[in-house]
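Inside the fold
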Amino acid sequence: MQTQLNITLPNAQYPIIIDSDQFDISDLRPWLKDKKVMVVTNEIVAPLYLADVLNLFEGHVVHSCVLKDGEQHKNSSSWLQILDALAVHRFNRSDVLVSLGGGIVCDMTGFAAASWMRGMSFIQMPTTLLSQIDASVGGKTGFNHPQGKNMIGAFHQPKAVIINAKTLATLPVREFNAGIGEAIKYAGINQPTFYAWLSENMHAIKAQNQKVLMELIASCCQFKTQLVEQDEKEQGVRALLNLGHTFGHAIETVSDYHYLHGEAVALGMVMAAELSANLRLCSADIRKMLENLLQAFDLPIMLDADYPAEVVLQRMKSDKKVINDHHRLILLKGMGQAFIAEGVNDHDILQAIKACTY
Ligand code: NAD
Ligand code: MG
């Protein structure tokens, strides 16, 4: 089973190939001719899929670079590790990097590609649900600074996104569910009928029914593509993809990554719904609807009291989206009706976090 989508931007166009049981690079063969290939992965994914992927590039000069696993390693050392490997093996701008892993590997590889010799090509081969439905599409690349998530980065579009849905079979359930957090995000943003689809197909998704998973991935890639095509560099509607993320990023860093990205986004969406209801933008039902779906996938809906609301708010102030101390947040007028709210005040945010803390 295979589905192909295409993303078209002012200066880039690329395919998203979603296959149920292989990484299909056949369409890229002519373009790949004579290129050296460096596959970037991590210590968890390498034993599972690296040999298969290296085989795909038989006939090329191919190297690999294996990073340490975890958000704490989404940093400048890992970035330099990739650049050092490129330098040792004398890669130049016409060669290609391949990311093989979750969102962290995708983001790091993309940024290494953006920065090596002022920009080389790269291909995304995402292997987590979260990276297949979100992180690998759209060209946001980067890594964390101690001050906050993804503070260092660039927009740099891949040449292709090659998805092999079968890789999800080895993903821990907690990671799979974290990916569903980002899927629910699309329902909140502008896809109310997707909320219904997720509810109806909940059991099939949990059972990883192949057909339903393929549909899930294709739908989410389509939703993301639509927003990115309208606004590649996040000057407008693309910001809607940050639903739950301003809260979420703060929760990730404050908790020292106790919460996975998708879990923190889940909490952030509940907080955004709570805040929206308090500001009389939407009814309290929206929070309940989100909670029902999040809970069905064992995602958190209440923040652990170890992380006080005041500390989370303080961390939110260092987020990239704070303009002159006025918070810019994605709030909800209803399910599937997210909008960019400017100038939300600290007091209201604090109340919302507290109302979503144990
Ligand atoms: P991750 O990259 O840490 O992967 C999760 C875990 O699963 C890791 O331990 C990883 O090694 C392991 N893993 C990966 N594939 C596997 C497989 N097939 N089988 C078994 N284990 C596997 O986390 P993630 O949730 O994929 O991505 C989160 C990151 O993505 C965050 O850093 C976030 O900021 C970023 N992100 C970026 C964008 C974007 O637009 N660039 C969007 C959303 C999230
Ligand atoms: Mg995200």
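Report follows, based on the coordinates. Everything numeric in this text was worked out from a predicted model, so none of it was measured. (Residues numbered from 1 in each chain as written. Chains lettered and ligands numbered in written order. Predicted model: local features only at pLDDT ≥ 70, side-chain atom pairs only at ≥ 80, totals over all residues. Heavy atoms only, no water.)

**Concerning the sheet that holds strand 6 (residues 121-126)**
The seven strands are arranged 1-2-9-6-5-3-4 in an open sheet whose pairing can be described as mixed. Only two strands of the sheet have a single partner each, and these edge strands are strand 1 (2-9) and strand 4 (62-67). Looking at each pair of strands side by side, their axes are set apart by 15° on average, direction ignored. Note: strand 1 against strand 2 (residues 12-19), eight bridges, orientation antiparallel. Directly across from Gln-2, in strand 2, lies its bridge partner Asp-19. Along the sheet, helix 3 (residues 76-88) contacts strand 3 (37-42), strand 4 and strand 5 (96-101); its crossing angle with strand 4, the most-contacted strand, is approximately 160°. (Pairing = 2+ DSSP bridges. Helix = DSSP H or I, 4+ residues; strand = E, 2+ residues; numbered from the N terminus. Axes fitted to C-alpha atoms, helices over the stretch in contact; angles between N-to-C directions. Contact = heavy atoms within 4.5 Å.)

**Notes on the site of ligand 1**
Surrounding ligand 1, one finds 28 residues, the nearest of these being Asp-69, Gly-103, Thr-127, Thr-128 and Thr-170. Between ligand 1 and Asn-42, the relevant distance is 2.8 Å, taken from an oxygen atom to a side-chain nitrogen or oxygen of the residue. Between ligand 1 and Lys-224, the relevant distance is 3.2 Å, taken from an oxygen atom to a side-chain nitrogen or oxygen of the residue. For ligand 1, whose free accessible area comes to 870 Å², the fraction covered by protein is 91%. Mapped by element, the contributors of at least two residues to the shell around ligand 1 are helix 2 (46-56), helix 4 (103-115), helix 5 (129-135), strand 8 (148-155) and helix 6 (173-190). Taken together, the residues of the shell around ligand 1 sort by class into nine nonpolar, nine polar and ten charged. (Near = heavy atom within 4 Å. Polar contact = N/O pair within 3.5 Å; in protein donor to acceptor, adjacent residues only side chain to side chain. Areas by Shrake-Rupley, 256 points an atom, 1.4 Å probe, with all protein chains shown as cover. Nonpolar A, V, L, I, M, F, W, Y, C, P; charged D, E, K, R; others polar.)

**Re the coordination of the magnesium ion (ligand 2)**
At 2.0 to 2.2 Å from the magnesium ion (ligand 2) lie its protein donor atoms, namely Glu-182 (OE), His-245 (NE2) and His-261 (NE2). If you list the donors of the magnesium ion (ligand 2) from N- to C-terminus, the spacing comes out as E-x62-H-x15-H. Taken together, the residues His-245 in helix 10 (residues 245-254) and His-261 in helix 11 (residues 261-278) connect sequence positions 16 residues apart. Look at His-245 and you get buried, because its relative accessible area is 6%. What makes His-261 buried here is its relative accessible area of 17%. (Donors = N, O, S within 2.8 Å, 3.2 Å for Na, K, Ca; no water. Buried < 20%, exposed > 50% of the residue type's maximum accessible area, 1.4 Å probe, protein only.)

**Structural notes on the environment of Ser-20**
Along the chain, Ser-20 turns up in the loop between strand 2 and helix 1 (29-32). Spatially, the C-alpha atom of Ser-20 lies 22 Å from that of Val-40, the residues being 20 residues apart in sequence.

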